[in-house]
Amino acid sequence: MSADEYAGVVVSLTRKLADAGEPVDAILATALRSLDAAGFRTSTASLQLLDEVALVSERAGRAEDSISAQRRALGVARELFGDHPSLLSRLNKLERRLATLSSSEARAEAAAVAVQSKAIQEEFGLNEQGQVTMGQSTRPRSTDSELVTVHFATNRVLLAKEDPTRMFGGERARNAPASNMTYGASVVSVPRRTQIVGLPDGRYWIGEVKRPKYSQAVIVSAKLHGSIDEFLTSLRSSVRSSGKQELLVYIHGFATDWPTALQRTAALSVSLGIDGAPVLLSWPSRGDVLSYVADGNELTAAIARDFGTVLDALLTSSGAERILVVAHSMGARFALSGLEQSTQFKTTSRPVRLVFGSPDVDTDDFQDRAKTLLAGTKKATLYASRDDRALQISRSLNQSSRAGDASSRLNVVGLEVIDTTEVAKDWSFDGLTAHNDFAMSALDDFRAIVWHGMPPEDRCILMATKDPVRPAPWRMGSPGGRCKVETFRFATYAVRQMGLQPASDLVEKERKKACTASPDDCKLWTETAAVVNSLKSVK
């Protein structure tokens, strides 16, 4: 079990002990003993535990214990990230708590904390609330992270307006007769872990793509909007200030708490290089693997209507030229229901692409609903694996096959099914559950869809499946596709960054040069040119 997974279990246990009314001393001792015993005192996992200790202490009225945990968490965060915008919310929270104490030592410490906050604001050009201008993605100086503004709409219960990491809980909001949806925007700091884009020989590269790990993303700040109109105004500002005016709409899966949902949305936006804005459409998940049934029961008729209303607004009023809707795991159930309630999805002429990552939906139900949704010219992609551990458990619990299992047979016009079983084994994280392939081991294929709308027959890293044991029509992995992954990545990235004709001219120039010098280099550049040329016919 990884440190993050272990921390999640301990945090869940701490909450259950608190909810059960156990003595605070016992709860705090259990959490801190687990932290020390696990050997990850300086990690993002330790931050989760310390934040939970601070919250339990606060609710019990134990100010000193809460402040002690906050101080310790601040030290861990500073050791992990340095003087970074992600520290602002922690510094501001600590300053407010110290200000409630009457001792001169507390007042002096509060003043020192305020000075630290001001220094970080000035360094990174943030306002007094610790926010970048809403609608902008900013690269802060002297750091290896990127600040991403994630716009959000959720029907989770609002818990703490002032705490961006604990703003919403895992229960459903009940604001009758008013709408249960809450809107806002959150700034998330995403590490810029990059990968060189070049040909396999290593002698030519064109740039870098980002492959962030979502668990390393840090929530910096958040702002609530008073209405859906205010939300759309902020979102349009983001989209219209971008070059390609793209919109990513992400609907998360089960066992996803609020901070994790934000982290994953921001990291996916960076991984895909979205030139526009990401939107998180979040439903009430407990963030606990033991709450599978409870999470599934959150899909009500009211939530489906609310999601349909938001999707209608995004389709008509976001200002986006291209819209990508991504649903993961159980989130596919919410996506299907929301899209069915959306009147605009049925009639819009705007390019809308659906991507389902390991959908936890009954196979027959998915097929019937997808046939209706994809009527006409609409397109969707489904990433599936035969080794998806999470869906194997779901199949046992539900006593029915799941659409995200590559062993299932789906035959829907407009739906391309990609079997990722083989490539998932090459990734340490995917290899554990194979439940996140779409955002990891299948990322090069996913980008080709998002960036260029390439059909599967032109995505040469895929192979057509003729094996009856593998009903998915396309697969990734060994034996490899019709071209090298590095060649495919180079070509698709070059066209994305440079434009089709400049990239074509560059590749053809290098191909001619290589073919007079080296047969091996000639083969690489000829393969690259074929990928670029295939994009000329993509509309």
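The coordinates are above.
1. Some points on the overall build of the protein
Alright, step 1. Helix and strand counts for the protein come out as 20 helices and 15 strands.
Alright, step 2. Relative to its full complement of 539 residues, the protein shows a buried share of 55%.
Alright, step 3. The contacts in the protein between residues at least 6 apart in sequence include a share of 73% that link residues at least 24 apart.
Alright, step 4. Of the roughly 22800 Å² of accessible surface on the protein, 50% is carried by carbon and sulfur atoms.

2. Focus: unusual backbone geometry
Excluding glycine, a negative phi dihedral is what most residues carry, and trans is how most peptide bonds are arranged.
Alright, step 1. The phi angle at Gln245 is positive, at roughly 55°, despite the residue not being glycine.
Alright, step 2. Structurally, Gln245 can be placed in the loop between α7 (228-240) and β8 (246-251).
Alright, step 3. Under the relative-accessibility criterion, Gln245 is labelled buried at 19%.
Alright, step 4. A positive phi is found at Ala255, a non-glycine position, where the angle reads about 55°.
Alright, step 5. The residue Ala255 is located in the loop between β8 and α8 (258-272) in this model.
Alright, step 6. Among the residues examined, Ala255 registers a relative accessible area of 22% and is labelled partly exposed.

3. Quick notes on the sheet that holds strand β11 (residues 352-357)
Alright, step 1. One open sheet holds the eleven strands; their spatial order is β7-β4-β1-β9-β8-β10-β11-β12-β13-β15-β14, and the pairing between them is mixed. For this open sheet the edge positions go to β7 (218-225) and β14 (463-464), each flanked by a neighbour on one side alone.
Alright, step 2. In this sheet, β7 lies alongside strand β4 (residues 182-191) in antiparallel orientation, the contact comprising seven bridges. From the neighbouring strand, Ser189 faces β7, where its bridge partner is Val218.
Alright, step 3. Helix α10 (residues 301-317) contacts β1 (145-154), β4, β8, β9 (276-282), β10 (322-328) and β11 of the sheet and is inclined by roughly 170° relative to β9.

4. What to know about the environment of Gln341
Alright, step 1. With respect to the helices and strands, the residue Gln341 is situated in helix α11 (residues 331-341).
Alright, step 2. What makes Gln341 partly exposed here is its relative accessible area of 39%.
Alright, step 3. Gln341 sits 33 residues away from Gly308 along the chain, and the two C-alpha atoms are 4.7 Å apart.
Alright, step 4. With sequence-adjacent residues up to four places away left out, Gln341 is seen in contact with Ala304, Arg305, Gly308, Asp312 and Lys346.

5. A word on the state of the cysteines
Alright, step 1. If you walk through the whole model with that rule in mind, you get two disulfides.
Alright, step 2. Here Cys460 connects covalently by a disulfide to Cys483, the sulfurs 2.0 Å from one another. Every disulfide takes its handedness from the sign of the S-S torsion; for Cys460 and Cys483 that torsion is 75°, giving right-handed. Pair noted here: Cys460 is in the loop between α17 (443-452) and β14 and Cys483 is in the loop between β15 (474-475) and α18 (485-498), with a separation of 23 residues, a long-range link.

6. Let's talk about the pairing of strand β12 (residues 379-384)
Within a regular strand, the side chains alternate between the two sheet faces.
Alright, step 1. Of all the six residues making up β12, five are buried; the element is thus mostly covered by neighbouring parts of the structure.
Alright, step 2. Sheet topology note: the β11/β12 ladder contains five bridges and is parallel. Counted as the bridge partner of Gly357 is Tyr383 from β12.
Alright, step 3. Handedness of the β-α-β unit built from β11, helix α13 (residues 363-373) and β12 comes out right-handed.
Alright, step 4. Relative to strand β13 (residues 415-419), β12 runs parallel, the two sharing five bridges. Counterpart to Thr381 in the pairing with β13 is Glu416.
Alright, step 5. For the segment spanning β12, helix α14 (residues 389-398) and β13, crossover handedness is right-handed.

7. Section: the nonpolar core
Alright, step 1. Judged by nonpolar contacts, the single largest core of 57 residues is most densely connected at Val326 and Phe446.
Alright, step 2. Per-element tally for this core: the top contributor is α8, with seven residues.
Alright, step 3. Excluding anything up to four places from it in sequence, Phe446 contacts Leu268, Leu272, Leu324, Val326, Val355, Tyr383 and Phe438.
Alright, step 4. Phe231, Ala313, Leu315 and Met330 belong to the second largest nonpolar core, which has 51 residues in total.

8. Some remarks on helix α19 (residues 500-515)
The periodicity of an α-helix, 3.6 residues per turn, causes residues three or four positions apart to be oriented the same way.
Alright, step 1. Here α19 is 16 residues long and its end C-alpha atoms lie 22 Å apart, about the 22 Å a rise of 1.5 Å per residue gives.
Alright, step 2. Every buried residue belonging to α19 is among Ala503, Ser504, Val507, Glu510 and Ala514, and all of these are buried. Buried residues along α19 cover an arc of 140° about the axis, so they all sit on one side. Residues of α19 that are exposed and point over 90 degrees away from its buried face: Lys509 and Lys512.
Alright, step 3. Looking at the buried side of α19, the elements it contacts are α18 and α20 (519-535).

9. Describing the packing of aromatic side chains
Alright, step 1. Applying the stated criterion across every chain, the model contains twelve aromatic pairs.
Alright, step 2. The interplanar angle of 80° and the centroid separation of 5.7 Å between the aromatic rings of Phe152 and Phe168 together place this pair among those described as edge-to-face. Linking Phe152 in strand β1 with Phe168 in strand β3 (residues 168-172), this pair joins segments that are 16 residues apart in sequence. Like Phe152, the residue Phe168 is buried in the burial classification.
Alright, step 3. Between Phe356 and Phe366 the ring centres are 5.1 Å apart and the planes differ by 85°, which places this aromatic pair in the edge-to-face class. With Phe356 in strand β11 and Phe366 in helix α13, the pair connects residues that are ten residues apart, well separated along the chain. The same class applies to Phe356 and to Phe366, which are both buried.
Alright, step 4. Each residue in the set Phe152, Phe168 and Trp258 is aromatic and connected to the rest through ring pairs, giving one cluster.

10. Quick notes on the packing of α8 against α17
When two helices pack together, you describe them by how their axes are tilted relative to each other and by the distance separating the axes.
Alright, step 1. Viewed as axis vectors pointing N to C, α8 and α17 meet at an angle of 75°, and their least axial separation amounts to 10 Å. The angle between the axes of α8 and α17 places the two elements in the roughly perpendicular class. Contacts from Leu268, Ser271 and Leu272 in α8 reach Leu443, Phe446, Arg447, Val450 and Trp451 in α17.
Alright, step 2. Partitioned by chemical class, the residues of the contact of α8 with α17 number six nonpolar, one polar and one charged.

Criteria and cut-off values
Residues numbered from 1 in each chain as written. Predicted model: local features only at pLDDT ≥ 70, side-chain atom pairs only at ≥ 80, totals over all residues. Heavy atoms only, no water. Helix = DSSP H or I, 4+ residues; strand = E, 2+ residues; numbered from the N terminus. Buried < 20%, exposed > 50% of the residue type's maximum accessible area, 1.4 Å probe, protein only. Contact = heavy atoms within 4.5 Å. Areas by Shrake-Rupley, 256 points an atom, 1.4 Å probe, with all protein chains shown as cover. Pairing = 2+ DSSP bridges. Axes fitted to C-alpha atoms, helices over the stretch in contact; angles between N-to-C directions. Disulfide = S-S within 2.5 Å. Right-handed = clockwise from strand over helix to strand, strands pointing away. Core = buried A, V, L, I, M, F, W, Y, C linked by side-chain atoms within 4.5 Å. Expected span 1.5 Å × (residues − 1). Arc of directions from axis to C-beta. Phe/Tyr/Trp six-rings, centres within 6.5 Å; stacked < 30°, edge-to-face > 60°. Parallel < 35°, antiparallel > 145°, perpendicular 65-115°, else oblique. Nonpolar A, V, L, I, M, F, W, Y, C, P; charged D, E, K, R; others polar.

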